[in-house]
Amino acid sequence: MNSEISTRPKDFNSFRLPATRHSARLGRHLAIRQLAAWGHPHDSDAAESVAAIVAELAANAATHGRVAGRAFELTLALGDGLVRIEVSDTRGEVRPPEPGSIETPAADAESGRGLLLVQALAKEWGVAPRDVGKTVWAEVALSG
């Protein structure tokens, strides 16, 4: 799988979430339940990584990608030995830094570490444009 899923795999699920501060928690719970349904327990390393990434990307969508009255979409897709996370919002003009170009914030900064976490936990991640908005995606290996 790389920067875009051209055809949806058989095992995927999408959720529309409101662009509120509670959606990061909701997205994390939905991701853990979906992974469990796919046979990956909630206490596995993969589930913990996916949950952390979903929470970060959902929080970013609700904070930086928010358009009044518009939801964002969380998609989880089971691939060959990995799970792909996609969070799509309607603000294409607000884009995160490119992978590998994220600067470490000052030690006393209160924000700016989320995408560093995504970068550390994901096998690969990136940003893809959409007709309306953008999709921030990450892939997590299911084992080793």
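This text follows the structure it describes.
Residues numbered from 1 in each chain as written. Predicted model: local features only at pLDDT ≥ 70, side-chain atom pairs only at ≥ 80, totals over all residues. Heavy atoms only, no water.

Caption draft 1: Quick look at helix α3 (residues 114-121). Within α3, burial applies to Gly-114, Leu-115 and Val-118. Projection of α3 onto a plane perpendicular to its axis shows the buried side chains occupying an angular sector of 95°, all on one side. Where α3 is buried, its residues touch α2 (45-64), β4 (124-129) and β5 (134-141). (Buried < 20%, exposed > 50% of the residue type's maximum accessible area, 1.4 Å probe, protein only. Helix = DSSP H or I, 4+ residues; strand = E, 2+ residues; numbered from the N terminus. Arc of directions from axis to C-beta. Contact = heavy atoms within 4.5 Å.)

Caption draft 2: Inspection of the sheet that holds strand β1 (residues 12-17) at higher detail. The strand order across the open sheet built from 5 strands is β1-β2-β3-β5-β4, with neighbouring strands paired in antiparallel fashion. Across the chains shown, the open sheet's two edge strands, defined by having one partner strand only, are β1 and β4. The average undirected angle you get between the axes of adjacent strands in this sheet is 15°. In this structure, strand β3 (residues 82-89) lies alongside β5, joined through 8 bridges in antiparallel fashion. Bridge assignment links Glu-86 to a residue of β5, and that residue is Trp-137. The sheet contacts of helix α1 (residues 23-37) involve β1, β2 (72-78) and β3, and relative to β1 the element is tilted by about 165°. Across the sheet, α2 lies against β2, β3 and β5, angled at about 10° from β3, the strand it touches most. (Pairing = 2+ DSSP bridges. Axes fitted to C-alpha atoms, helices over the stretch in contact; angles between N-to-C directions.)

Caption draft 3: Broad picture of α1. In this model, α1 (15 residues) spans 21 Å end to end at C-alpha, consistent with the 21 Å of a helix rising 1.5 Å per residue. Listed in full, the buried residues belonging to α1 are Ser-23, Ala-24, Gly-27, Leu-30, Ala-31, Gln-34 and Leu-35. Down the axis of α1, the buried side of the element spans an arc of 130°, and every buried residue falls inside it. For α1, the exposed residues set more than 90 degrees away from the buried face come down to Arg-25 and Arg-33. Buried residues along α1 sit against β1, α2, β2 and β3. (Expected span 1.5 Å × (residues − 1).)

Caption draft 4: Looking closely at the nonpolar core. Ile-85 and Trp-125 are the most contacted members of the largest nonpolar core, which totals 35 residues. Mapped by element, the contributors of at least two residues to this core are β1, α1, α2, β2, β3, α3, β4 and β5. By residue number, the principal contributor to this core is α2, which donates 10 residues. In this structure, Ile-85 is in contact with Val-50, Ile-53, Val-54, Leu-57, Leu-74, Thr-75, Leu-76, Val-136, Trp-137, Ala-138 and Val-140, ignoring residues within four places of it in sequence. (Core = buried A, V, L, I, M, F, W, Y, C linked by side-chain atoms within 4.5 Å.)

Without other data, these values stay purely geometric and don't point to any function.
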